[in-house]
Amino acid sequence: MDSDEQFTVVDHAIDTLREAIRSGQFEPGSRLVIADIGKRLSISSGAVREAIRRLTGEGLVEIVPHRGASVRKVTGTDVAEIFELREAIEGLAARLAARRMDADGRARLRAILADLDRHDVDDDAENYLIANQAFHQLIYSIAANDRVRTLAMQLILPLYQLRLPHRMAGDAREVAHLEHHAIAATLMVGDEDAAAAAMMRHIRSSGANLRAAVELLEAPRKRRRAPRSAPRQEDTPSPPKDDAQSD
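Before going into details, it helps to say that this report is about the structure given with it.

What counts and what doesn't
Residues numbered from 1 in each chain as written. Predicted model: local features only at pLDDT ≥ 70, side-chain atom pairs only at ≥ 80, totals over all residues. Heavy atoms only, no water. Helix = DSSP H or I, 4+ residues; strand = E, 2+ residues; numbered from the N terminus. Buried < 20%, exposed > 50% of the residue type's maximum accessible area, 1.4 Å probe, protein only. Contact = heavy atoms within 4.5 Å. Axes fitted to C-alpha atoms, helices over the stretch in contact; angles between N-to-C directions. Parallel < 35°, antiparallel > 145°, perpendicular 65-115°, else oblique. Left-handed = near helix turned anticlockwise from the far one by under 90°. Nonpolar A, V, L, I, M, F, W, Y, C, P; charged D, E, K, R; others polar. Pairing = 2+ DSSP bridges. Salt bridge = Lys/Arg side-chain N within 4 Å of Asp/Glu carboxyl O. Expected span 1.5 Å × (residues − 1). Bend = angle between axes of the 7 residues up to and from the residue. Polar contact = N/O pair within 3.5 Å; in protein donor to acceptor, adjacent residues only side chain to side chain. Phe/Tyr/Trp six-rings, centres within 6.5 Å; stacked < 30°, edge-to-face > 60°. Lys NZ or Arg CZ within 6 Å of the ring centre and 35° of its normal.

Thoughts on the overall build of the protein chain
Here's step 1: From N to C terminus, the protein chain includes 9 helices and 2 strands.
Here's step 2: When its helices and strands are written in sequence order, the protein chain yields α-α-α-β-β-α-α-α-α-α-α.
Here's step 3: By the burial criterion, 39% of the 247 residues in the protein chain qualify as buried.
Here's step 4: Long-range pairs, those at least 24 residues apart, make up 75% of the contacts in the protein chain between residues at least 6 apart in sequence.

Side note on the packing of helix α6 (residues 125–143) against helix α7 (residues 146–160)
Here's step 1: Here α6 crosses α7 at 165°, and the two axes come no closer than 10 Å. Considering their axes alone, α6 and α7 lie roughly antiparallel with respect to each other. Relative to α7, α6 is oriented so that their crossing is left-handed. Contact residues: α6 offers Gln133, Gln137, Tyr140 and Ser141, while α7 offers Arg149, Ala152, Met153, Ile156 and Tyr160.
Here's step 2: Split into classes, the residues belonging to the contact of α6 with α7 amount to 5 nonpolar, 3 polar and 1 charged.

Some thoughts on unusual backbone geometry
Here's step 1: The backbone of His66 shows a phi angle near 65°, a positive value even though the residue is not glycine.
Here's step 2: Although it is not a glycine, Ala144 adopts a positive phi angle of roughly 60°.
Here's step 3: Among the secondary structure elements, Ala144 is positioned in the loop between α6 and α7.
Here's step 4: For Ala144, a relative accessible area of 53% translates into the label exposed.

Considerations on the pairing of strand β2 (residues 68–71)
Here's step 1: Sheet analysis places strand β1 (residues 61–64) next to β2, joined by 4 bridges and oriented antiparallel. From the neighbouring strand, Ile63 faces β2, where its bridge partner is Ala69.
Here's step 2: Hairpin connection of β1 to β2: 3 residues between the antiparallel strands, including His66 at a positive phi of 65°.

Focus on the pattern of salt bridges
Here's step 1: Applying the stated criterion across every chain yields a total of 16 salt bridges.
Here's step 2: Two residues, Glu58 and Arg18, come together in a salt bridge whose shortest N-O distance is 2.6 Å. In this pair, Glu58 is assigned in the loop between α3 (45–57) and β1 and Arg18 in helix α1 (residues 3–23), connecting sequence segments 40 residues apart.
Here's step 3: In this structure Arg18 comes out as partly exposed when scored by relative accessible area, which is 21%.

Re helix α4 (residues 76–100)
Here's step 1: An ideal rise of 1.5 Å per residue puts 36 Å on 25 residues; α4 measures up with 35 Å between its terminal C-alpha atoms.
Here's step 2: Remark: the principal bend of α4, roughly 25°, maps to Arg86.

Some thoughts on the side chain of Glu90
Here's step 1: The topology assignment puts Glu90 in helix α4.
Here's step 2: Here the side chain of Glu90 touches Tyr140 through a polar contact of 2.4 Å, side chain to side chain.
Here's step 3: Leaving out residues up to four positions away in the same chain, Glu90 has contacts with His136, Tyr140, Ala152, Ile156, Met199 and Ile203.

What about the packing of aromatic side chains?
Here's step 1: Under the defined criterion, the tally for this structure stands at 0 aromatic pairs.
Here's step 2: In this structure, Arg173 packs its charged tip against the face of Tyr128, placed 5.9 Å from the ring centre.

Observations concerning the environment of Arg204
Here's step 1: Within the element layout of this structure, Arg204 appears in helix α9 (residues 192–225).
Here's step 2: Taking the C-alpha atoms as reference points, Arg204 and Phe83, 121 residues apart in sequence, are found 6.9 Å from one another.

Nothing here speaks to function; it is geometry throughout.
If you want it as structure tokens, here you go:
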């Protein structure tokens with residue numbers, strides 16, 4: 001197998017594993033057994049190892065001593081750190097998109113806003129989440145900066161496995177919906193400063209919402225792991241007194 005063919009095989013393995021993690025086929029914490037994956041994809045163990053190595057760099061996989069590779073669990077702290085970075089990157093993307101907005105971009109933005117409006121009215125959280133992703137993807141496209149797009153996508157990848165459509169339900173979705181329209185309005189008129197500020201507010205709000213959802217899921221696990229406290233002195237029953245001590 002030459003180097004170009006090997007590169008193609010590894011890329012195929014990365015794409016397949018990434019989608020399996022994103023879709024929930026491999027759940028957070030589940031082991032990635034090299035032999036099983038190689039057999040499933042009909043590729044060599046070396047190609048699987050390289051794919052896992054790269055996915056580790058993307059934050060989707062972690063190597064645990066004496067256990068091997070497993071799908072990384074995203075914590076509330078992970079979410080906070082990711083969204084702090086996203087705030088800067090997505091703000092820049094919005095600024096660039098406002099600078100480079102044209103008639104075609106405005107038409108595409110209106111179409112996605114229409115999708116968001118429809119899913120909001122239908123109370124369709126799952127499809128609203130998909131349209132939300134398309135909204136941000138369009139901004140990366142109009143921004144026309146490949147490095148910004150790459151950084152933004154690397155930050156988003158670990159979040160896909162969470163699959164929490166309820167974060168786009170009820171009040172949280174209404175807030176996000178208003179923020180999407182506010183961002184779009186600044187993009188339409190090419191106001192770079194306002195677009196960046198509106199996007200950063202949106203990312204900050206979304207991050208707080210998602211972190212709260214993740215920490216709510218973490219709470220039962222933390223309670224199960226918490227060590228039992230030693231009984232306090234006053235809670236420890238005294239030995240019964242015998243007759244000789246009763247005086």
